[in-house]
Amino acid sequence: MNSHQESLQRCRFLYFCASMLKDQIQLLAKKYKEEFIAVRHHLHANPELSYKEFETSKFVQAKLQEFGIPFTVMAETGVVGLIEGKNPSSKVIALRADMDALPILEENDVPYKSKVDGVMHACGHDVHTTCLLGAAKILNDLKAEWEGTVKLIFQPGEEKNPGGASIMIREGVLENPKPQCIFGLHVHPGLQLGQLSFRGGKVMASADELYLTVKGKGGHAAAPHLAVDPILIASHLVVSLQQIISRNRNPHNPSVLSITAFNAGTTTNVIPNEVKIMGTFRAMDEQWRFEAHELIRRNAKLLVESMGGELDLHIDVGYPTVYNNEALNEKAKAKAAAFLGEAHVEETELRMGAEDFGYYSQVIPGCFFRLGVMNKEKGISSGVHTPTFNIDEDAIETGMAMMAWLGSTVEP
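What counts as what
Residues numbered from 1 in each chain as written. Predicted model: local features only at pLDDT ≥ 70, side-chain atom pairs only at ≥ 80, totals over all residues. Heavy atoms only, no water. Buried < 20%, exposed > 50% of the residue type's maximum accessible area, 1.4 Å probe, protein only. Helix = DSSP H or I, 4+ residues; strand = E, 2+ residues; numbered from the N terminus. Pairing = 2+ DSSP bridges. Expected span 1.5 Å × (residues − 1). Arc of directions from axis to C-beta. Contact = heavy atoms within 4.5 Å. Salt bridge = Lys/Arg side-chain N within 4 Å of Asp/Glu carboxyl O.

Observations regarding the pairing of strand 3 (residues 92–98)
- Buried residues dominate strand 3, accounting for seven of its seven residues.
- Burial along strand 3 is two-sided: the face carrying Val 92, Ala 94, Arg 96 and Asp 98 and the face carrying Ile 93, Leu 95 and Ala 97 are both buried.
- Taken together, the seven bridges between strand 3 and strand 4 (residues 149–155) define a ladder with parallel strand orientation. Paired with Asp 98 across the strands is Gln 155, a residue of strand 4.
- With four bridges connecting them, strand 3 and strand 5 (residues 181–192) associate as parallel partners. Pairing of Ala 94 across the sheet is with Ile 182, part of strand 5.

Structure below.
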């Protein structure tokens with residue numbers, strides 16, 4: 001047999017093995033579907049806010065122990081598991097899920113409705129954790145059938161600065177062993193059940209928080225000439241901030257500055273001493289992001305002082321952009337098409353929302369993809385971060401199977 005024939009034979013053998021593994025993963029995902037829907041119900045009914053995921057962490061640890069998967073705890077509530085397949089040193093792939101909930105009062109009338117007043121899994125992190133636990137069980141069952149090591153990252157605090165991902169990275173989650181790439185899944189209420197979506201390059205924006213206090217000199221509203229009106233100054237400042245962005249950024253470079261709070265005064269006849277403003281700044285380009293910070297600081301200070309006021313300004317630097325490695329994204333997209341069929345794979349739209357998965361993708365190649373959870377026929381279409389958000393739970397079978405498939409078959 002010549003070298004070409006040997007190569008062809010090996011390709012056929014690898015294709016056969018991959019086909020067998022795909023069938024096994026799909027069968028186990030179907031077999032475990034109801035078990036992990038029940039897991040999601042438990043997590044959804046017992047949500048915990050960012051950095052307070054103590055019971056959620058214990059639940060994840062108990063599940064990994066039940067599956068026979070070794071794990072460590074970091075960032076206080078984060079859990080990191082390791083599954084070794086054949087030739088465990090041949091490659092290391094990380095799979096990530098976030099665990100925290102939001103301060104939202106749930107309005108869904110379901111048996112698994114949140115038991116915690118004013119706290120809800122309104123962004124689907126209960127689904128992400130469930131899918132990764134399901135993938136972990138499948139991968140562990142089949143560890144004699146795939147090569148390499150899969151690192152499971154259950155992360156706290158995605159919803160709140162500084163972002164649990166940044167803490168996990170600082171504590172060494174991307175070391176010992178060092179993953180060659182990382183995958184993250186997120187529910188998409190605008191994507192139909194049974195669909196997945198991928199996008200290479202820039203996917204989501206950075207997110208920085210703006211806190212401004214405009215100080216003036218209070219007085220009687222009938223005598224503004226004796227005061228320094230911070231409301232007037234702050235009003236000019238809000239308009240000026242919009243112009244800083246629209247007149248300085250490249251129009252082909254998406255960027256958003258939104259003022260979301262303007263608080264001052266208590267009555268009709270008193271000019272207050274100060275105005276407090278809050279907002280968010282988002283960008284798709286890291287260089288422009290920090291250039292904009294300097295423009296905001298400089299121009300805001302000059303404007304306020306030119307009108308006789310003083311300014312306290314704090315920019316709380318948040319999550320970086322989510323950047324999907326193009327080569328890894330193409331591999332993952334091809335794997336998804338092979339697993340579900342090309343008709344079930346779409347392109348994710350560019351989004352100005354933020355995700356602390358961006359911290360991982362700044363360090364190692366990352367791929368952040370979307371899981372369709374919408375089913376309009378069942379009335380399931382509410383957006384994330386709303387009190388009526390929910391999913392068609394058939395998506396859990398797809399989500400855990402896809403995470404297991406990517407973790408076991410992608411070559412970094």
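Description of helix 5 (residues 230–248)
- Over its 19 residues, helix 5 runs 26 Å from end to end, which matches the ideal 27 Å to within 8%, given 1.5 Å per residue.
- Buried within helix 5 are the following residues: Pro 230, Ile 233, Ala 234, Leu 237, Ser 240, Leu 241, Ile 244 and Ile 245. Projected onto a plane normal to the axis of helix 5, the buried residues spread over an arc of 135 degrees and lie on a single side.
- Packed against the buried residues of helix 5 are strand 8 (208–215), strand 10 (255–263), strand 11 (270–271), strand 12 (274–283), helix 6 (286–306) and strand 13 (310–316).

What to know about the pattern of salt bridges
- Under the counting rule described, the total for this entry stands at 21 salt bridges.
- In this structure, Lys 63 and Glu 66 form a salt bridge, with 3.5 Å as the shortest nitrogen-oxygen distance. Here the residue Lys 63 and the residue Glu 66 both occupy positions in helix 2 (residues 54–67), the gap between them amounting to three residues, near one helical turn.
- Put simply, Lys 178 and Glu 175 hold a salt bridge, and the shortest N to O gap is 3.9 Å.
- Judged by its relative accessible area of 44%, Lys 178 falls in the partly exposed class.
- In this structure, a network of salt bridges that share partners links the residues Arg 96, Asp 98, Glu 355 and Asp 356.

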